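Listed below are the residues making up each chain.
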There are 2 protein chains.
Amino acid sequence: MVVKVYGPAFASPKRVLVCLIEKEIEFEAVPLDLLKGEHKDPEFLKLQPFGAVPVTQDGDYVLYESRAIIRYYAEKYKSQGTELLGKTIEERGQVENWLEVEAHNFNPHIYNLTLQVMFSSKLGFSRDENVIKESEEKLGRVLDIYEERLSKSKYLAGDFFSLADLSHLPFTQYLVGQIGKEYMITSRKHVNAWWNDISSRPSWQKVLQLYPAPL
Amino acid sequence: MVVKVYGPAFASPKRVLVCLIEKEIEFEAVPLDLLKGEHKDPEFLKLQPFGAVPVTQDGDYVLYESRAIIRYYAEKYKSQGTELLGKTIEERGQVENWLEVEAHNFNPHIYNLTLQVMFSSKLGFSRDENVIKESEEKLGRVLDIYEERLSKSKYLAGDFFSLADLSHLPFTQYLVGQIGKEYMITSRKHVNAWWNDISSRPSWQKVLQLYPAPL
């Protein structure tokens, strides 16, 4: 069964796409225009009642929330493609730790920057320079902690690439690209080496090439 | 090895406490006064660099982020106590789905209500009635989706109690208690039945009895 992935142009669905490529799982991307509100269409709300992407559909098995989906496929196809959950329960614990840090410490600030800098005019509100400044400062403090962590291990959860790293790809790509704040990465030696490593993986380059950002 | 759990008076650490009790894992609670800023002490920051609770310490194995910790212990002690991750990979996928819904759709609004209604004066800022109103409306819309879901399955991830349900306990307890908005639960038939079921579990009653809220 081919896995359908809804909303490939957008950042959160790209977590799923890069994961499926790393796991060598066949999939079909189903475009959805969030800027036209297609994620609020009644048919789509039957799949995802909160009206958000990504959604995956695998026969009649439906999942949503990008970080739930990547955990599911990384576990279901554990022995296929790249191991993304660590080799032991203790390694997986660290993967979970840093996947949650991404979701709760890193993402809120980078998401605010994305919304303000990239999408405000498209979504019809004016950018708020105070929110941008505050988000940048808070993200900087998070990246200082990442710098310390990455001075001790090559990747976030340890010396192995995992879902915890992969989950940072889509929004950090905006940060160094369309948001124009590459300095936040390049000014931190270990964060920069980590970013160069994970963003040059063939899986991620393939996602960027196949599914251009909406802006 | 006894698992140390930091910050038992507060809501997020209670996710961990109730999970450890369900899994019949021995633990020791280490009090921490967040209202005095003890989570920002240098010694504590060595354990949790972002300065937040909970943290668990199991010998020299340290974890943070409540939803990472509960996943780790539910997996490590899979065959002990209550099964909290479902029996199959597909059931676990649904647990992950609804655990992420709790984190990203439910928690932001109930957390805002908690902060505004319970903690604003203690933390030295005045409550913002607009934030309260908006959070209540948004939480109501999320609970409408829960009502629909819980009309089809007894628990969020299916017909089995799991981490997805458990993760809702601490902040929903505030909602029906100190926040004073019990009507949001009781006015929704299936949500109400679900809440009565999960909140009456002996594990949760034990947590409430042993570790009173700070306010």
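Conventions we followed
Residues numbered from 1 in each chain as written. Chains lettered and ligands numbered in written order. Predicted model: local features only at pLDDT ≥ 70, side-chain atom pairs only at ≥ 80, totals over all residues. Heavy atoms only, no water. UniProt positions renumbered as here; feature names shortened; annotations may be inferred. Least-squares fit on C-alpha atoms with pLDDT ≥ 70 in both. Contact = heavy atoms within 4.5 Å. Salt bridge = Lys/Arg side-chain N within 4 Å of Asp/Glu carboxyl O. Helix = DSSP H or I, 4+ residues; strand = E, 2+ residues; numbered from the N terminus. Nonpolar A, V, L, I, M, F, W, Y, C, P; charged D, E, K, R; others polar. Pairing = 2+ DSSP bridges. Right-handed = clockwise from strand over helix to strand, strands pointing away. Axes fitted to C-alpha atoms, helices over the stretch in contact; angles between N-to-C directions.

An unreviewed UniProt entry annotates chain A as glutathione transferase originating from Hibiscus trionum. UniProt lists a comment for chain A under the heading Catalytic activity (unreviewed entry), and it reads "RX + glutathione = an S-substituted glutathione + a halide anion + H(+)". The UniProt entry for chain A carries the following text under Sequence similarities (unreviewed entry): "Belongs to the GST superfamily. Phi family."

1. Focus on the relation of the copies chain A and chain B
Turning chain A through 180° and shifting it by 0.0 Å along the axis lays it on chain B, with an RMSD of 0.0 Å. Each copy turns onto its partner about a two-fold axis. The overlap is high: 100% of the interface residues of chain A also sit at the interface in chain B, so the same surface is used on both sides.

2. A look at the interface of chain A and chain B
Contacts between the two partners involve 29 residues from chain A and, on the opposite side, 29 residues from chain B. Where chain A touches chain B, the interface holds eight salt bridges. B:Arg71 is paired through a salt bridge with A:Glu100; the nearest N and O atoms lie 2.9 Å apart. For the side of chain A that touches chain B, the secondary-structure elements that each account for two or more residues are strand S4 (61–64), helix H3 (66–76), helix H4 (89–119) and helix H5 (129–150) of chain A. Broken down by element, the side of chain A that touches chain B gets its largest block of residues, 13 residues, from H4(A). Residue classes in the side of chain A that touches chain B are distributed as 15 nonpolar, five polar and nine charged.

3. Here's the deal with the pairing of strand S2 (residues 27–30) of chain A
All names here are of chain A. Across four bridges, strand S1 (residues 3–6) lies against S2 in parallel orientation. Looking across to S2, one finds that Lys4 is bridged to Glu28. Following the chain from S1 across helix H1 (residues 11–22) to the adjacent parallel S2, one finds a crossover that is right-handed.

4. Concerning the sheet that holds strand S3 (residues 55–58) of chain A
By definition, the strands of a sheet pair up through backbone hydrogen bonds, in either a parallel or an antiparallel sense. Residues and elements named next belong to chain A. One open sheet holds the four strands; their spatial order is S2-S1-S3-S4, and the pairing between them is mixed. Since the sheet does not close on itself, it has two edges, and those belong to S2 and S4, each with one partner. Across the sheet, the mean angle from the axis of one strand to that of its neighbour is 20°, orientation sign disregarded. Relative to S3, S1 runs antiparallel, the two sharing two bridges. For Val5, the partnering residue across the bridge sits in S3 and is Thr56. Contacting S1, S2 and S3, H1 crosses the sheet at an angle of about 150° to S1. Of the strands in this sheet, S1, S3 and S4 touch H3, which is tilted by about 130° from S4.

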